[in-house]
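Here are the chains, one letter per residue:
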Amino acid sequence: MDTLGLGKIGFSIGVSHSYLEDARELESLGYSALWLPGGQIDRLDRLADLVHATESVKVVPGIVPVDRYSAPATAQLYSELESSGRFVLGLGGPQAARPLAGLSAYLDELDVPSDRVILAALGPKKLEMARRRAAGAVALLVTPEYTEAARALLGPDRTLVIDQFVVLENDPGRARAIAREPLSFLATVDGYRQNFLRMGFTSDDVDQLSDKLVDAVVAWGTVEDIAERVDAHLRAGADHVVLAPLGSPTVAAGRALSGLVMRPK
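Computed from a prediction, not measured in an experiment: that's the story for all the values here.

## Concerning the packing of aromatic side chains
On inspection of all chains with the given rule, the structure shows three aromatic pairs. With a centroid separation of 4.9 Å and 50° between ring planes, the pair formed by F11 and Y31 is classed as tilted. On the criterion of sequence distance, the pair formed by F11 in strand β1 (residues 9-12) and Y31 in the loop between α1 (19-28) and β2 (33-37) is long-range, its members being 20 residues apart. Residue classification places Y31 among the buried residues on the basis of a relative accessible area of 2%. Considering the side-chain rings of Y78 and F87, the 6.3 Å spacing of their centres and the 45° angle between planes classify their relative orientation as tilted. What makes F87 buried here is its relative accessible area of 2%.

## Focus on the layout of surface pockets
Counted as a void, the second largest pocket has a volume near 170 Å³. Every residue lining the second largest pocket is listed: L122, P124, L127, T143, E145, Y146, A149, A150, L153, N195, R198 and M199. Listed by contribution, the elements that provide at least two residues to the lining of the second largest pocket are α5 (124-133), α6 (144-154) and α8 (190-198). Here the lining of the second largest pocket gets five residues from one element, more than from any other, and that element is α6. Split into classes, the residues belonging to the lining of the second largest pocket amount to eight nonpolar, two polar and two charged.

## A short note on the nonpolar core
With 84 residues, the main nonpolar core has L91, L110 and L243 as its most contacted residues. Setting aside residues no more than four positions away along its own chain, L110 makes contact with A71, T74, A75, L89, L91 and V117.

## Regarding the pattern of salt bridges
All told, the structure shown has 15 salt bridges when counted by the stated rule. Here E128 ties to R131 by a salt bridge, and the two come within 2.9 Å at their closest N and O atoms. Of the two residues, E128 and R131 are both situated in helix α5; the distance of three residues between them amounts to about one turn of the helix. Here R193 makes a salt bridge to D207, at a shortest N to O gap of 2.8 Å. Linking R193 in helix α8 with D207 in helix α9 (residues 203-208), this pair joins segments that are 14 residues apart in sequence. Salt bridges linked by common partners bring R176, R180, D211 and D215 together as one network.

Rules behind the numbers
- Residues numbered from 1 in each chain as written.
- Predicted model: local features only at pLDDT ≥ 70, side-chain atom pairs only at ≥ 80, totals over all residues.
- Heavy atoms only, no water.
- Phe/Tyr/Trp six-rings, centres within 6.5 Å; stacked < 30°, edge-to-face > 60°.
- Helix = DSSP H or I, 4+ residues; strand = E, 2+ residues; numbered from the N terminus.
- Buried < 20%, exposed > 50% of the residue type's maximum accessible area, 1.4 Å probe, protein only.
- 1 Å grid on protein atoms, 1.4 Å probe; cavity = no way out; pocket = protein on both sides within 12 Å on 5 of 7 lines; lining within 4 Å.
- Points joined across faces, edges and corners; volume = space filled by probe spheres on them.
- Nonpolar A, V, L, I, M, F, W, Y, C, P; charged D, E, K, R; others polar.
- Core = buried A, V, L, I, M, F, W, Y, C linked by side-chain atoms within 4.5 Å.
- Contact = heavy atoms within 4.5 Å.
- Salt bridge = Lys/Arg side-chain N within 4 Å of Asp/Glu carboxyl O.

Written out as structure tokens, the structure is:
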């Protein structure tokens, strides 16, 4: 259930000299939410800038890293943007020992309504926390089979978002090479590695970034190929899919993929 009003298809937008102009164009193309990746959030007011630069689209950080920005600072940002009705707070981390305890303590301190918060979650314990303490969960680098299992753990009344890397490239070698650029780092992050193993990939798959792994978690090929993956996640129980383009300029990819916004679901 999309309790956050995110719509079906969102788009991930990176910070650049033109990112506010890019946001306005992506909004005009019909994307219902714009997501700013956590690694791009060098200052929290980037999110305020996106809200003020747009008119109707939801704006979501994917995610605010809780070990970088304090709960009071994050709550202040939410307070400033709450009246827009278009800001949803995405949180994740910390990348530290006992991450569940750290995230729980952060939520205890955070003065933001839980029904306006979404948590980055992969493993069952994080998904359970998202069910109990937030409006839902967002997951990256997962398969439609994972989506089905995550929906069962979250239950029907929480929002499930899938952040989907996409590569608009038909050549398998080139597409996989583009996909492996971010995966070469992310596969070394313990949470992603453990989730790959939970999804049935072998240690060799993860260490070598096998074609099997790349093809399963990154959608590449034609627009129709990518649409099929998006639809698979939606059929499996996702409420909202974020298109995160790799190897293409943001707006060019947004234009090429904009037809997915109007597809019947």
